[in-house]
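What the coordinates show
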Amino acid sequence: MKEELTSDSVVKRALNAVGSAAYLFVQMGAYRGGPNSFAVVGLASKPLHVFAKPRFICEWLPLTFHGDDNSSVTASGHTILPDWGYGRVYTVVVVNCTFSVDVGADGTGGCLVLRATTGGGSDRAAETEERFIAMEETPGSVNVTMFSTPPKYDCLYCGSPLYGDLSPQRVREWIAYHANLFGLKSHFVIHDAGGVHGNVMEVLRPWMEKGLLTLQDVREQERFDGYYHNQFLVLNDCLHRYKFMAKWIFVFDMDEFIYLPSETKLEPLLESFSGYTQFTIEQMPMSNTLCQFKDYGKTSRMWGIEKLVYRDARRKVRRDHKYAIQPRSASATGVHLSQNVAGPSLSETGGMIKYFHYHGTLAMRRDPCRELLNVTKIFFDNTPYVLDETLRSVAGEVRMFELKMIGPRLAHTRE
């Protein structure tokens, strides 16, 4: 297009568009949510979803579809943006496709087709639509009893993307600690965004061989500029991927350790929370540098939870929380809480479950002890700390559990 002079002597300017700023949709996964429903998890242009009205149309094509019959079924896709506005160039989009009838539930096979539109967001003069296959099912691959039978795992951990130069020792003690806490009817899903280097892989491998841990390489998501290594994308994919495999999904980080008081057992505690879709977990922030003088000369051989024993004692400070969720009642999830659940949420657990947070220690490739103290209380860097040996007291039990489960193969793991 070129500018021109109109008949009434007005210069009519022309604007010529070149290329595109962001993809219309970047799919990570698509999963069944029931006999007639699906969830498609991906990324999409944030400005498009904030300022325009893009639409998704869902279509089910049975394997027998030939294009000249009425066997296909369509439905409007319901979009959820679960990243609380944190998205950058891309925002996370969960598309829920719910059809008026069961589709493919008889096991005959078919495919879910998604039609994504710009809603006039990229160019109001041109409505763009892309049509693509989001999911294919082969005959016999669907067993609808999975939607109503008890799940395989009591607890499943959905981990945020791991990146950076991680400490193999910190990863080692975190896995052993939580495998001991959650028990053998649990599973851990770890997402590698560049942090699982060779030494960390040596720590993960014994638990992978035991069938307690799954490692997913999600480094490809780094191509797309989303929030914090696309954390919301990875967590929502994990929620829907394992939705019918776990009774509870826990969401917290690898520098955080879940703790139950000695008189509290996990299974009955979770049973007491069964009337809630999700519950939050209170944070207990720990110093990442303060240790005890009595451990002088020994800290290099001690686990982090043994030697970092000073807790931030500030009161009336807003602290982040983490949570656990019953995935069958959630349509999307977040980092600290889900805003897309059916059923009530529990925000106060009366101290029955907490997590100790050792901020910054996961990527610390040295002994974290920088100050050795001989006090029970101290004011350090304008923060009050108190001695708290809660996790130190259970470290021996965790060490013995690790030895029983995988033997001494990780005994020489370094910071």
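Our structure's up above, just so we're on the same page.
The structure reproduced in this document is the subject of the present report. (Residues numbered from 1 in each chain as written. Predicted model: local features only at pLDDT ≥ 70, side-chain atom pairs only at ≥ 80, totals over all residues. Heavy atoms only, no water.)

What to know about the overall build of the protein
When helices and strands are tallied, the protein shows seven helices and 24 strands. Put simply, the protein has 415 residues, and 51% of those count as buried. Look at the contacts in the protein between residues 6 or more apart in sequence, and 77% of them connect residues 24 or more apart. For the protein, the accessible area works out to roughly 20600 Å², and carbon and sulfur atoms hold 50% of it. The centroid of the 45 positive side-chain charges in the protein is displaced by 6 Å from the centroid of its 46 negative side-chain charges. (Helix = DSSP H or I, 4+ residues; strand = E, 2+ residues; numbered from the N terminus. Buried < 20%, exposed > 50% of the residue type's maximum accessible area, 1.4 Å probe, protein only. Contact = heavy atoms within 4.5 Å. Areas by Shrake-Rupley, 256 points an atom, 1.4 Å probe, with all protein chains shown as cover. Lys, Arg positive; Asp, Glu negative; His and termini not counted. Charge placed at Lys NZ, Arg CZ, Asp CG, Glu CD.)

Structural notes on the sheet that holds strand S5 (residues 56–62)
Read from one edge to the other, the open sheet built from four strands follows the order S6-S5-S9-S10, with strand pairing classed as antiparallel. Both edges of this open sheet fall to strand S6 (73–76) and strand S10 (129–137), since each of them pairs with a single strand only. Neighbour to neighbour, the strand axes of the sheet diverge by 20° on average, direction disregarded. (Pairing = 2+ DSSP bridges. Axes fitted to C-alpha atoms, helices over the stretch in contact; angles between N-to-C directions.)

Description of the pairing of strand S9 (residues 110–117)
The side chains of a regular strand alternate, residue by residue, between the two faces of the sheet. Burial analysis of S9 places seven of its eight residues in the buried class, the great majority of the element. Of the strand pairs in this sheet, S5 and S9 are connected by seven bridges, and their pairing is antiparallel. In the sheet register, Ile57 faces S9, and the bridge partner there is Arg115. The pairing of S9 with S10 spans eight bridges and is antiparallel. Counted as the bridge partner of Val113 is Ile133 from S10.

Here's the deal with helix H7 (residues 395–406)
An ideal rise of 1.5 Å per residue puts 16 Å on twelve residues; H7 measures up with 17 Å between its terminal C-alpha atoms. The set of residues buried in H7 consists of Ala395, Val398, Phe401, Glu402, Met405 and Ile406. Buried residues of H7, viewed axially, fall in a sector of 115°; they line one side. Of the exposed residues in H7, those oriented more than 90 degrees away from the buried face are Glu397, Met400 and Lys404. As for H7, its buried residues are in contact with helix H2 (168–182), helix H3 (198–209) and helix H6 (304–307). In the stretch just after H7, Gly407 is the one whose phi turns positive, near 75°. (Expected span 1.5 Å × (residues − 1). Arc of directions from axis to C-beta.)

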